[in-house]
Amino acid sequence: MAKSLNNLVSVAPMLDWTDKHCRYLHRLISPDTLLYTEMVTAPAILRGDTDKYIGYNQQEHPVVLQLGGSDVDELSRCCEVAETYGYDAVNLNVGCPSDRVQKGRFGACLMKEPELVADCVRQMQQSVNIPITVKCRIGVDDKDKFEDLAEFIDKVSASGIKTIIIHARKAWLKGLSPKQNRSVPPLKYDYVYKAKEFFPDIEIVINGGINSVEEAKQHLMHVDGVMLGRAIWNSPWLLFNLQNELFETKVSCTRDQVLEKYIEYCQSQIEKGVKLHWLIPPILGLFHGLPGNNKWKSHLVINAPKRTSDISVFAEARGFINI
Ligand SMILES: Cc1cc2nc3c(=O)[nH]c(=O)nc-3n(C[C@H](O)[C@H](O)[C@H](O)COP(=O)(O)O)c2cc1C
């Protein structure tokens, strides 16, 4: 029996963004938010440098590995690897519409193959003791009615799946870039709410366009969890408010304390050979909305890649923030 996970609040998987450094930062701010890796394809894990793709810091728990794939055996083997690595759950990507992903027959195009998704989930569940979840869209192309979403969930639920994360907009498989597919199709939160009504035994997490604690609270009146992506990237401090408003454990750290701990982390990463400028992107939004924020950001972006720069760029940049 898989142990359960707290899906109340999570940070969305975001390719090139939610890497292990980003997750480390998020965990410094919120102890309870569920964190996700970027999508990693099954072949990358099985044939590549596994540590490079799915290595992480122990402090990140609870952390979910998101997989891209549709080969049942490969996915099951990846789940075994994930369990050995100590991941708390595995999530299957059924939402990415990129051409590359479609060519590999995974991501959002799997919304048209619910039986295959159910087979994958069933086998994945059988291979490990950690939860297997799915992140999907409300639909794709002309399969965009609520009935299509209900049929998808109904068929996938035959696998015994307990949790589904739904990005509340459909994806167009042709004609839009992945970025456009995250903003052009309209958000239809009512589909996700209705999915919860139709499938009360499945834990439903809503995703897409959630920007504040108030919005999160509104959604939680209808569904079991909220997943935020770009809002957290733009302003990681939002995690502090989500933690204090939605979880029992209250935190009292300041942005400066978080920065100090992140600098210590960066120092240890640099000693392991990580380049300073790779560590910068997750923290650019820490002072979002405060006076001096633009100068803080530009100082880091311009100076961190310079060969002469060292960890002191953080303190220099901090000097521009007026709090
Ligand atoms: C830069 C970027 C990369 C993304 N990469 C992934 C990914 O690897 N896997 C995935 O399921 N979704 C990915 N997404 C989609 C997000 O997980 C999320 O569904 C989407 O951004 C909507 O949520 P938001 O409005 O809160 O950002 C990505 C989004 C962004 C902005």
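It should be emphasised that the depicted structure is a prediction, and the values quoted were computed from it without experimental measurement.

1. A closer look at the overall build of the chain
Argument step 1. For the chain, the helix and strand inventory stands at 14 helices and eight strands.
Argument step 2. In summary, the chain has a C-alpha radius of gyration of 20 Å against a globular reference of 20 Å for 323 residues, a match within 12%.
Argument step 3. When the backbone C-alpha atoms are referred to their principal axes, the chain occupies close to 55 × 45 × 40 Å.
Argument step 4. Going through the 323 residues of the chain one by one, you find that 55% of them count as buried.
Argument step 5. Sequence separation of at least 24 residues holds for 72% of the intrachain contacts in the chain that already meet a minimum separation of 6.
Argument step 6. Accessible surface computed for the chain: about 14,500 Å², of which carbon and sulfur atoms make up 50%.
Argument step 7. With 38 positive and 39 negative side-chain charges, the chain shows a separation of 6 Å between the mean positions of the two kinds.

2. What to know about the side chain of N93
Argument step 1. Along the chain, N93 falls in strand β4 (residues 89-94).
Argument step 2. Polar side-chain contacts of N93 include one of 3.3 Å to the side chain of Q66.
Argument step 3. In this structure, N93 is in contact with M39, Q66, L67, G107, L110 and K135, ignoring residues within four places of it in sequence.

3. Focus on the pairing of strand β8 (residues 225-228)
Argument step 1. Side chains of β8 alternate between two faces, with G225 and M227 and V226 and L228 buried alike.
Argument step 2. Here three bridges tie strand β1 (residues 9-11) to β8, and the two strands are oriented parallel to one another. Residue pairing across strands places V9 opposite V226, the latter belonging to β8.
Argument step 3. Of the pairings in the sheet, the one linking strand β7 (residues 203-207) to β8 comprises three bridges and is parallel in character. Paired with V205 across the bridge in β8 is G225.
Argument step 4. Each parallel crossover has a hand, and the one from β7 via helix α9 (residues 213-220) to β8 is right-handed.

4. Focus: the site of the ligand
Argument step 1. Near the ligand you find 17 residues, and of these L15, Q66, N207, G209 and R230 are the closest.
Argument step 2. Measuring from an oxygen atom of the ligand, one finds a backbone N or O atom of P13 at 2.8 Å.
Argument step 3. At 3.4 Å, a side-chain N or O of H167 approaches an oxygen atom of the ligand.
Argument step 4. For the ligand, the accessible surface in isolation is 600 Å², of which the surrounding protein chains cover 92%.
Argument step 5. Partitioning the shell around the ligand into residue classes produces seven nonpolar, seven polar and three charged.

5. Focus on the domain arrangement of the chain
Argument step 1. Partitioning the chain into domains gives domain 1 (9-246) and domain 2 (255-318).
Argument step 2. Centre-to-centre separation of domain 1 and domain 2, based on C-alpha positions: 29 Å.
Argument step 3. Taken together, the contacts link 14 residues of domain 1 with 15 residues of domain 2.
Argument step 4. The tally of links from domain 1 across to domain 2 stands at zero salt bridges.
Argument step 5. Across the domain 1-domain 2 interface, the total number found is two residue pairs in polar contact (both at pLDDT 80 or more).

6. Let's talk about unusual backbone geometry
Argument step 1. In the segment running from H61 into P62, the intervening peptide bond is cis, with an omega of -10°.
Argument step 2. Relative to the helices and strands, P62 resides in the loop between α3 (50-54) and β3 (63-68).
Argument step 3. Its identity as a non-glycine residue notwithstanding, R105 has a phi of 55°, on the positive side.
Argument step 4. Note that R105 resides in the loop between α5 (99-103) and α6 (114-127).
Argument step 5. At D141, a residue that is not glycine, the phi angle is positive and equals roughly 50°.
Argument step 6. With respect to the element layout, D141 can be found in the loop between β5 (132-137) and α7 (146-157).
Argument step 7. For D141, a relative accessible area of 16% puts it in the buried group.

How each quantity is defined
Residues numbered from 1 in each chain as written. Predicted model: local features only at pLDDT ≥ 70, side-chain atom pairs only at ≥ 80, totals over all residues. Heavy atoms only, no water. Helix = DSSP H or I, 4+ residues; strand = E, 2+ residues; numbered from the N terminus. Rg over C-alpha atoms; globule rule 2.2 N^0.38 Å. Buried < 20%, exposed > 50% of the residue type's maximum accessible area, 1.4 Å probe, protein only. Contact = heavy atoms within 4.5 Å. Areas by Shrake-Rupley, 256 points an atom, 1.4 Å probe, with all protein chains shown as cover. Lys, Arg positive; Asp, Glu negative; His and termini not counted. Charge placed at Lys NZ, Arg CZ, Asp CG, Glu CD. Polar contact = N/O pair within 3.5 Å; in protein donor to acceptor, adjacent residues only side chain to side chain. Pairing = 2+ DSSP bridges. Right-handed = clockwise from strand over helix to strand, strands pointing away. Near = heavy atom within 4 Å. Nonpolar A, V, L, I, M, F, W, Y, C, P; charged D, E, K, R; others polar. Domains from an automatic or database assignment. Salt bridge = Lys/Arg side-chain N within 4 Å of Asp/Glu carboxyl O.

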